[in-house]
Structures are given as structure tokens and as C-alpha cells.
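# Coordinate analysis (summary)
One letter stands for each residue in the lines below.
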Amino acid sequence: MSIAYEAVTASELLHGYRPGLSSLFSSPQHTLLGQGCADVVPPAATLRELAGRVRERAGLVMGAIPFDEPGAAHLVAPERARWADPFVPCDPPEAEPGQPWRIVAVPSPADHRKGVRRALDLLERGALDKIVLARSLELTRPEPVDVVTMVRRLAGRDPHGHIFAVPLPGDRTLVGASPELLVSRTGPAVVANPLAGSAPRSADPQEDRRRAAALLCSAKDQREHAVVVEAVADALAPHCRALSVPAEPSLVCTATMWHLSTRVTGRLNDPATTSLDLAVALHPTPAVCGTPTGAARAAIADIEPFDRGFYTGMVGWCDASGDGEWAVTIRCAEVSRTGVRLFAGGGIVAGSVPEAELDETSAKFRTLLHALGLGAQASTHD
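Every value quoted in this text rests on a predicted model; they were computed, and no experiment measured them. (Residues numbered from 1 in each chain as written. Predicted model: local features only at pLDDT ≥ 70, side-chain atom pairs only at ≥ 80, totals over all residues. Heavy atoms only, no water.)

In this section: the overall build of the protein chain. Helix and strand counts for the protein chain come out as nine helices and 22 strands. Scaling as 2.2 N^0.38, a compact globule of 382 residues should have a C-alpha radius of gyration of about 21 Å, and the protein chain matches this with 20 Å. Counting across all 382 residues of the protein chain, residues that qualify as buried make up 55%. A separation threshold of at least 6 residues defines the contact pool for the protein chain, and within that pool the share at least 24 residues apart is 74%. When the accessible area of the protein chain is evaluated, it comes to approximately 15700 Å², of which 53% is carbon and sulfur surface. (Helix = DSSP H or I, 4+ residues; strand = E, 2+ residues; numbered from the N terminus. Rg over C-alpha atoms; globule rule 2.2 N^0.38 Å. Buried < 20%, exposed > 50% of the residue type's maximum accessible area, 1.4 Å probe, protein only. Contact = heavy atoms within 4.5 Å. Areas by Shrake-Rupley, 256 points an atom, 1.4 Å probe, with all protein chains shown as cover.)

Attention now goes to the pairing of strand β2 (residues 31–35). When you tally the buried positions in β2, you get five out of five residues, the bulk of the element. Alternating residues of β2 divide into Thr31, Leu33 and Gln35 and Leu32 and Gly34, and every residue in both groups is buried. Across five bridges, strand β1 (residues 22–26) lies against β2 in antiparallel orientation. Within the sheet, the bridge partner assigned to Leu24 lies in β2 and is Leu33. (Pairing = 2+ DSSP bridges.)

To continue, consider helix α8 (residues 293–303). All buried positions along α8 are accounted for by Ala296, Ala299, Ile300 and Ile303. Taken down its axis, α8 places every buried residue within 105° of arc, on the same side. Away from the buried face of α8 by more than 90 degrees, exposed residues Gly294, Ala301 and Asp302 are located. Tucked inside the fold, the buried residues of α8 contact α3 (109–124), β8 (130–140) and β18 (290–291). (Arc of directions from axis to C-beta.)

Another point: the UniProt feature "domain: Chorismate-utilising enzyme C-terminal" (unreviewed entry) in the protein chain. Mapped onto this structure's residue numbering, the UniProt feature "domain: Chorismate-utilising enzyme C-terminal" (unreviewed entry) falls at residues 110–364. Between the first and last C-alpha atoms of residues 110–364 the distance is 18 Å; the span itself is 34% helix and 34% strand. (UniProt positions renumbered as here; feature names shortened; annotations may be inferred.)

What follows concerns the packing of aromatic side chains. Applying the stated criterion to the full structure yields three aromatic pairs. Judged by centre distance (5.2 Å) and plane angle (10°), the ring pair of Tyr311 and Phe343 falls under stacked. With a gap of 32 residues between them, Tyr311 in the loop between α8 and β19 (314–318) and Phe343 in strand β22 (residues 340–348) connect regions that are remote in the sequence. For the pair shown, Tyr311 and Phe343 are each scored as buried. Taken together through their ring pairs, the aromatic side chains of Phe306, Tyr311 and Phe343 make up a single cluster. Arg297 extends its terminal NZ or CZ atom over the ring of Phe67, reaching a point 5.3 Å from the ring centre. Of note, Arg308 hangs over the ring of Phe67, and the distance from its end group to the ring centre comes to 4.6 Å. (Phe/Tyr/Trp six-rings, centres within 6.5 Å; stacked < 30°, edge-to-face > 60°. Lys NZ or Arg CZ within 6 Å of the ring centre and 35° of its normal.)

Before going further, it helps to examine the side chain of Asn193. Positionally, Asn193 belongs in strand β12 (residues 189–193). Judged by its relative accessible area of 17%, Asn193 is buried. Engagement of the side chain of Asn193 in a polar contact is seen with the backbone oxygen of Thr262, the distance being 3.0 Å. (Polar contact = N/O pair within 3.5 Å; in protein donor to acceptor, adjacent residues only side chain to side chain.)

So, on to the side chain of Asp221. Tracing the sequence through the fold places Asp221 in helix α6 (residues 219–236). In this structure Asp221 comes out as buried when scored by relative accessible area, which is 9%.

Across a sheet, paired strands are connected by hydrogen bonds in the backbone, their directions being either parallel or antiparallel. Spatial strand order, β13-β16-β15: three strands in an open sheet with antiparallel pairing. The open sheet terminates on both sides in strands that have one partner only, identified here as β13 (195–200) and β15 (250–253). Shown here is a sheet whose adjacent strand axes are inclined to one another by a mean of 30°, direction ignored. Of the strand pairs in this sheet, β13 and strand β16 (residues 257–261) are connected by four bridges, and their pairing is antiparallel. Of the residues in β16, the one forming a bridge with Pro200 is Met257. With respect to the sheet, α6 is in contact with β13 and β16, its orientation differing from that of β13 by roughly 150°. (Axes fitted to C-alpha atoms, helices over the stretch in contact; angles between N-to-C directions.)

Here we have nine strands laid out as an open sheet, ordered β3-β5-β4-β19-β20-β11-β12-β17-β14, and antiparallel in their pairing. Of all strands in the sheet, those bounded by a partner on one side alone are β3 (39–40) and β14 (240–244). Sitting on the sheet, helix α2 (residues 47–57) is in contact with β3, β4 (61–65), β5 (74–77) and β19, with an inclination near 170° to β4. The strands that helix α7 (residues 275–282) touches are β4, β5, β11 (181–186), β12, β17 (264–268), β19 and β20 (324–328); relative to β11, the one it contacts most, it runs at about 150°.

Taken across its eleven residues, helix α4 (residues 147–157) has eight buried, putting it largely inside the fold. Within α4 the residues assigned to the buried category are Val147, Thr149, Met150, Val151, Arg153, Leu154, Ala155 and Gly156. Residues of α4 that are buried sit in contact with β1, β9 (162–168), β10 (172–178), β21 (332–335) and α9 (354–371). At the N-terminal end of α4, a side-chain oxygen is found 3.2 Å from the backbone nitrogen of Val148, two or three residues along, and the residue is Asp146.

By the secondary structure assignment, Leu181 is in strand β11. Leu181 gets classed as buried once you look at its relative accessible area, which sits at 12%. Taking C-alpha positions, Leu181 is 8.8 Å from Gly161, a pair spaced 20 residues apart along the chain. Those residues in contact with Leu181 that lie beyond four places of it in its chain are His162, Val191, Ala192, Asn193, Pro194, Trp326 and Ala327.

Put into C-alpha cells, the structure is as follows:
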């Protein structure tokens, strides 16, 4: 696809965004705004069937696919697509006075620690090699949520991430700033960038550097990361030639977290394979589910006391040529008329510590709490 960029910035393009009527996706390469809805991709029983329907449409689609319910995927064909360069760093809008938020943690921090201990017991018995456990925050207040301001704050703090705001059924909007590229396809070029192994950032530069160095040297995090990279490479191998997988991870950071990162690249075997075909082959990676996949899915359903919905699914776009970008749906929230649901999770492997896992999810919540105008005053530990 030949992309025609408008002579506007991503921030100016955002002026055309309308919650519920538009879809926004920004990556380190560009920003895409889909306006209106010409059509909706019909529900499908499996992800492969869904990818086939997108391939048959031969047009641009944008939207999100949930973690574990293919039939609930929401992909739309916009009436108009507009392109601009990526977001650039900027000062995010200041929080305005308003009604205080009521925040409920599901599960409670104590129950999340219990869930981690249950997961560790499964690991010790050999039932799992890794599992990803998540928790959520439910925020409510009488005032409606300003999605555009949320996007501006996300883009201001993490402009090099994957910023998204896409409509969901039930008058909801999926909003987030994912640091993790599931897969992209540009012509024959394929890129995946799995992240696994994390550490919270520190406001103190010296302590921040220490945490980054400790993460890079952590045997536990290196093991967790290697499991994910191996699974990604194995899933891409049948579709690619000249697959390149670095031997060691590198460090990447967001405003709130350090991550171990590996950039996997390849060239397509078959030009008919679309970006969504590749995303479906990869989902779910051990970075959001665990391994073995079936056992991890079952354990997640048993331990987590909520439906993940679109969290840890995928969000992005695919065009008529098959090009596209799909990010892992993390650092995200579901916004509705009545409130906001935030999600955060972490990978559990042998050697994981329940209190440290709770700290990790609390740090990951900060991305969306800041987007809502909340900072350190919002407790996620009580």
C-alpha cells in the first residue's frame, strides 16, 4: 500500500477523532485515523475464519480482537482513512478538578497474591512452565470520561508506543498505549517485537539505571523472555524465510516500565499472507498467556475472577494489500458511560515472588492512571 500522509501532525489529526465514530492507531512509523464506519466484519467462530473474512474483503479494516472470544472481535471498515507522522513528545494536558474517582481492585491485592501462589504451585508440580496473571481496577464517577484527553496524555508520555482508541460494542472505547508490537507486515517484511521481563521505572536516575541493569542480568526474567521469543520464532517460521532472531534481548522503556525486548524480523514466503494471518498465528504468545498454551488458558480462567475481554488481545489494522500493524492489547482500559476498567498483568515463572508481582502490576497501572489525570495519589495496593 502506498500511504499518503497529510500535511498535519498526529496531534492535529486527533482533532478529527470522535469517540464511538472513529478509530485511532499510532505506531513509531505513523498515525492512522479511521473516520466513520462503512461496514463491520461479521463475527467468526475462530480467529483463522476471521482472518479469512478480512482477506476476502480486500479493504482497510481497523479494530480489536479479544483474548479468548473470537466471536466478540470488533473490526470495522472506515469510511475514510487519514495518515500522519507519529506522535511526538509533548507536555500532556493538566488534570482538571472534578469529582473523585471510586476505585475497586478486582481481585483485591491480597487475593492477587493468593492467585500468584496458586500459579507457583502449578509450576512446581510441572503443570505449567509459565502463566500470566492479571488484575483489574474498576473506576467510577458521575462525570463522563474525556477519551481525547486520555489519548493526548498517553501520546505525550509514550509517543513511541502504540497509541490506540477504537470503538467497542456497547458504547465502549478501548484506549491504551501498548509498548509491544505483536507483528507488522510491510510488503514482504515481517517484524515482531515480543516483550517479557519487566521492572518498574524510578524517578531517581541512579536508581532507574540500577533497575535497568538488574533486569538485564536477571536469570528469572531472562528465562521468562526466552520462552516468549522461542514461541514467536516458532510461530513465524512456517510463514517466513530468512528469519532473524537476536541471541540476547535488549532493554526498552516506557514512562513507567523497563522491559526486555527482542526484535524478530523475517521475509514472507507467500505474499498472500496478511498481517492479520500472522497475528492470528502468534496469538496468544506466552507473554500474555503462558505455556503450554492450553494449560495456561485453563489456569487463567480458574484463577482470575474477571473476564479479560479485549485485554491481552490484539489491536491494529490490515489493508487491502495485507500490510498492517497489530499491537498486543496491554496498558489499556475499557471506557464506558459509567466508568473505566483498567488492566495489568505479569508473567509468573519459577522464582516469582507474589509481592513483587503485585508491585509490577501496580506500576503498569500508572500508564492509564496518568491518562485519567491521576498520579501517585491513586492507590492500587489497598
